[in-house]
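# Coordinates in review
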Amino acid sequence: MSGLRNINRFIGRITLFLIVLITFISPVGMAQSQETEEIVVKLEIPRLMQKDIFVLYDGTDIYVSLNELFTLLEINIKEDFLHGVFSGKYLTPDNKYEINLSQNRAKCFGQEILFDSTSYIVTEYNLYVKLKAFKQLFNLQLFFNFSELSIYMPLEKDFPIYQRLKRQQDHKKLRETKVALKDVYEIQPEKEIFSGGVVDWMVSSNPFSGGDTYLNLGIGSMILNGDLAISGSGSMKSGFNQQSVNYKWHYVFNDKKYITQAEAGNINSGNYLARSLKGVLFTNRPQIRRKHFQTISLSDRIGPGWEVELYINNKLVDFTTTDDNGEYNFLVDTEYGRTKITLKMYGPNGEIRTEEKLSTVPFNIIPKKDYEYTIAGGQTTYRDTTKNYIQMNGLYGLFGKLTVGLSSDMPVGNDGDEKPTTAIEGTFQPLSNTLVSASYSPNYAMQLDMSMRNVAIASVTARFVKYYENQFRNPLGQQNSLSLSVSSPVKFGKNYIGLRCRYSRDVYPAYRTSGLNIGVKLMAIKTNLNYIGNFGKTIRPGRVESNSISKIILSSSLLNIIRPQIAASYDHSINKLSKIGIYFHKRIFRQGQLSLSLEDNRAYNSKSIMLTFNISTDFADFTSRGIYSNGSVGFNQMQKGSVRYNQHAKSFRFVKRNGIGAGSAVVSPFVDDNYNGILDHGEEILSDLKTRIGGASVIRNRDDKVSFYDNLRPYDPYLVEIDQYSLDNPMLTPAHENYRVILKPNTVTAIHIPVVTAGEIGGKVDRKITDGSVGIGGIRLIVVNEKTGKETELITFNSGEFFHIGLVPGMYRAYIDPTQLERYGYEADPPYTRFQIKTIAGGDYVGNINFMIEAK
C-alpha cells in the first residue's frame, strides 16, 4: 500500500509540474484551459495526522474536498447535492454553518460571505473548495507546498478528531490508574509505646525600655499508642506561667463501631452546650471527617452510540458508551461539602451535550440511620471556683436530609443552685443550597439559623437567638440577638466586584447595640481596591452613642520592584480623616520581605514609622520590627520553628512549620536482595525512584537518599504512588505499584519500598490456516498477577511474537483479550496459561507462552 502511494504521489508531482509549465509557457494557456486535474497530495496536521488525499488543480489554485476534509476531522456535515446545500455544526454545538450554492452564499460564526462559482468546484460526490475560501469561511489556514506536494494545516485543539483522541488518551490513563489501584499493599501501623517527638517553639523579645523575652513551647509525642500534646509559656522576668499549661492525650480505636476515640486532659465535647473541661471524653465520632455521604444513580436514554464521560469536581472518574437501547448508567459517590457532577456526552454524528449537577452536603448532616454520641466529664474554673460537670451529646440521622440531636450539661456536686441544662436540636437541608438549624434549651436559649448559598448569585446567612434567664450561662441577662449576612459577586466587565454586608443587633436589659459592616472589593489590572465601612450605635436611657468609620485600601502589584499600598480611614462622627497610612513591600533574598509603613493616626495624635524585615528559611521564621512613634523607639524580634525527631534514623530535623498534631513520613526505596520485603542491613537505598503522597510536596536535600513529607493529616489513610519509570535500571521494578499507610501524629512513619529484579516473559500468537499457522500481530494479551490482581497489557509484533520485562516474582495468568477475540470471531487455544516468575538472581525468564487462535 505504501509503494502504491509513493507511485501515485510521484505521478501527481509530474502531472502538476507539466500543467504549471504549460500554463506559464503558453500566453493563452490560462484563458483557453479551464479543465482541472485530480492529483494526490499529502495532508499534514502536526500531532494529528499525515494522509494522502485527492485535490483538484485548475492551473492556478488548489481545491480541497470539503466532504473529505470534514470527515477526516470528524466535523459534522450534512450533504444535499440535489439542492446544493452543505450544512452542519462547526467545532461547537452552537456554531452552525451553511453553504448554499444556488444562492451563492455561505455562513459561519454568525457571518455571511459571498460564495460564488470562483470559490468552489462541485462534482458528483464532492464539493471542492479553494484554499483561501476555507480561511474566509471557517478561519482554517491551509498552506500548499508545490515542491513537497503537500498541504499543511495548523492543529486546532477544537477539532473533533483531536478531542476524541485526547479523550481516548484520558480514558487509557484512567484505565491504567484503575488497574494500578488493584496493586495496593497495606502497611500496617506500628504500636507506639513511646516514640517520636516534636517541639514547636516561638521566642519574642523587646530589648528596649526594660522589655522582656517571652517563650512559647509545645511538645508532642506518642505514648501508649496515643498522641500526647503539651503546651505552655513563660518569660525571663516572670518565669513559667503555670496557668498557661494545656495538655491532652488522644487515643484512636481502629475499626471500632461503638467507640472510636478517647481523650484525657483539656477536652471539649464540641456540641451546642459544650464547655472546656479538664477531664476525660469518649465518643464514636469518626476520627477523620466523613467524606462519603451516599451513592446515587445517574442514568438516561439518549440514543445508541453515544460516548458519555463522568467528571467529579472537574476530574474524569468514569466513562461508558450507551447500550443498544441508548441508555447509560453511573453509580456516583456524593461527598460532604460541594460536589460538582458533570456529564459530557458525545454523539455519533458530532453532537455534544453537557449536563451539570451540584451536590452540597453540610458536615453537620449525618447519613440516614447513623448515630454519634459523646460523653465527657471533668472540671472547670468559674469565678475562682472549681466546678464539676458531665456532658452528653447524641445525633441521629432521621432522614437523608434531617439530623436530630439531644445535648445535656449536668453539674455534679457543685455549690449553688445551678441546674442541669438540656437542649434539643435539629438540622434540615430542604434544598441543595439551603440549610436550616434550630435548637431549644428551656432554661438557656432558643436559636434558629438559616443559610442559603449560591456562588454565582449571593450567599445569605441569618441567626436569631432568644435568651432565657440563666445566671451561669447568661450572666449579663442578654434578651436576644439577631445577625444577618449577605455576600454577592457582581460582574463588572471581565472582572467581579465582591460585595458583603452584615447587620447585627443585641438587646440587654439596660441598653441595646446594633452594627452594620459593609465591604466592597474590586480587582482589575493587578490592582485591588477595598472599602470597609463600620457603623455602630448603642442606645441607653437618655443618650445615644454612635460611631461610623469608613476605610479605603488601595494596593497594586503592577510594579515588580516594590508593591505599594495606601490606606485611609474617615470618621463620619467628626467628619475628618482619622488615619492615613502608606505601606511598601519588597521581596528580597528570595525568601525574605522588607516592609516600610508610614502612619498618621490623627484620632490619637500619633505619627509612626515602622520597618519590618522577615525571612523564612527551611528551618525557622525570623521577624525583626523597629518602630518610631512620637519620639519613642521600639524594637521587637520574633523567631519560631519546629524540631522533629526521626526515631528510625536517630536524627533531628529543623523545619519552620509547626508539627504538633501532624504526621510526617520518610520514604526509602531499596533493592530487596532477599525478597523478604524488609530493609535489611547492607541493602542499597535507591535515590532515583520518585514517589508521591496525596499531593504533598516532597522535602529532599541534595545529599538525601530518602524523601521527607511533612504536615500530613494524622490517622488518615494515604496512598503512596510509585513512579516505576523513574528508575534508571530497567531490570528493577517496585514490588507493588502503590502502598496505603496510616500516619500517626508527632512521629515519623518509615515507609520502605522494596524494589526487586524484574522477570521477563516471551511467546508467540499464531493463527491457524489451511496450510498450518502464521504469526499474527496486533493481538492484545493480558497478564494478571494472581496475588495482587494487577493487569499488564501486551501487544504482539507483526510476527506474532511478544516480549515483556518488568514482572515481579509471583504466579501469573496470561490470556488473549476476550473482547478482541469476540470482535473478530476467534477462539484461543489454550484459553489461558499459568506461569511463575521465580525469585532468582538476575531475574527469571519464562518463554514459550504460546497461543493458537482459530476462527469459530
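Residues numbered from 1 in each chain as written. Predicted model: local features only at pLDDT ≥ 70, side-chain atom pairs only at ≥ 80, totals over all residues. Heavy atoms only, no water.

This next bit is on the side chain of Thr-342. Within the secondary structure, Thr-342 is located in strand E24 (residues 337–346). Judged by its relative accessible area of 4%, Thr-342 is buried. Discounting residues that sit within four places of it in the chain, Thr-342 has contacts with Glu-309, Leu-310, Tyr-311, Thr-354, Glu-355 and Glu-356. (Helix = DSSP H or I, 4+ residues; strand = E, 2+ residues; numbered from the N terminus. Buried < 20%, exposed > 50% of the residue type's maximum accessible area, 1.4 Å probe, protein only. Contact = heavy atoms within 4.5 Å.)

Glancing now at a positive patch on the surface. A surface patch of positive charge is lined by Lys-78, Lys-89, Lys-96 and Arg-353. Inspection of the secondary structure assignment puts Arg-353 in strand E25 (residues 352–361). The partly exposed category is assigned to Arg-353, whose relative accessible area is 41%. (Patch = residues over 30% accessible without salt bridge, like charges linked within 9 Å, V, L, I, M, F, W, Y side chains within 5 Å. Areas by Shrake-Rupley, 256 points an atom, 1.4 Å probe, with all protein chains shown as cover. Salt bridge = Lys/Arg side-chain N within 4 Å of Asp/Glu carboxyl O. Lys, Arg positive; Asp, Glu negative; His and termini not counted. Charge placed at Lys NZ, Arg CZ, Asp CG, Glu CD.)

To continue, consider the packing of aromatic side chains. Inspection of every chain in the model, using the stated rule, returns 24 aromatic pairs. With a centroid separation of 4.9 Å and an interplanar angle of 70 degrees, the aromatic rings of Tyr-251 and Phe-253 are classed as edge-to-face. The class for Phe-253 is partly exposed, based on a relative accessible area of 26%. An angle of 70 degrees between the planes, with centres 6.1 Å apart, marks the rings of Phe-619 and Phe-622 as edge-to-face. (Phe/Tyr/Trp six-rings, centres within 6.5 Å; stacked < 30°, edge-to-face > 60°.)

In this section: the pattern of salt bridges. Scanning the entire structure with this criterion turns up 35 salt bridges. A salt bridge links Arg-164 to Glu-74, with the nearest nitrogen and oxygen atoms 2.7 Å apart. A residue pair is termed long-range when its members are at least 10 positions apart, and Arg-164 in helix H5 (residues 160–180) and Glu-74 in the loop between helix H3 (66–73) and strand E4 (78–80) qualify at 90 residues. Judged by its relative accessible area of 29%, Glu-74 is partly exposed. Bridged by salt links that share partners, the residues Arg-275, Lys-387, Asp-409, Glu-418 and Arg-473 form one connected network.

This next bit is on unusual backbone geometry. Across residues other than glycine, the phi torsion is negative in most instances, and most of the peptide bonds are trans. Put simply, Asp-829 and Pro-830 share a cis peptide bond, and its omega is 0 degrees. Considering the arrangement of structural elements, one finds Pro-830 in the loop between strand E58 (826–829) and strand E59 (833–837). One non-glycine residue with positive phi stands out, namely Asn-104, at about 55 degrees. A positive phi angle is found at Arg-590, which is not glycine, with a value near 65 degrees. Among the secondary structure elements, Arg-590 is positioned in the loop between strand E39 (576–588) and strand E40 (592–601). A residue is classified by how much of its surface remains accessible, and Arg-590, at 82% relative accessible area, is exposed.

A separate point is the environment of Gly-220. Checked against the element boundaries, Gly-220 lands in strand E15 (residues 213–223). Along the primary structure Gly-220 and Ala-510 are separated by 290 residues, whereas in three dimensions their C-alpha atoms are 48 Å apart. Excluding its chain neighbours within four sequence positions, the residues that come into contact with Gly-220 are Gly-197, Val-198, Leu-228, Ala-229, Ile-660 and Asn-746.

Further remarks concern the pairing of strand E26 (residues 371–382). Across 6 bridges, strand E19 (residues 277–283) lies against E26 in antiparallel orientation. Residue Leu-281 lies in a different strand from E26, and its bridge partner there is Ala-376. Bridge analysis of E26 against strand E27 (residues 385–399) gives 12 bridges, and the strand direction is antiparallel. Residue pairing in the sheet places Glu-372 in a bridge with Leu-395 of E27. Connecting E26 to the antiparallel partner E27 that follows it, the hairpin turn spans 2 residues, and Arg-383 within it adopts a positive phi of roughly 55 degrees. (Pairing = 2+ DSSP bridges.)

Bringing helix H4 (residues 131–138) into the picture now. Every buried residue of H4 is accounted for by Leu-131, Ala-133, Phe-134, Leu-137 and Phe-138. Burial along H4 is one-sided: seen end-on, the buried residues are contained in an arc of 155 degrees. Of the exposed residues in H4, those oriented more than 90 degrees away from the buried face are Lys-132 and Gln-136. Positive backbone phi, at 60 degrees, marks Asn-139, one or two positions downstream of H4. (Arc of directions from axis to C-beta.)

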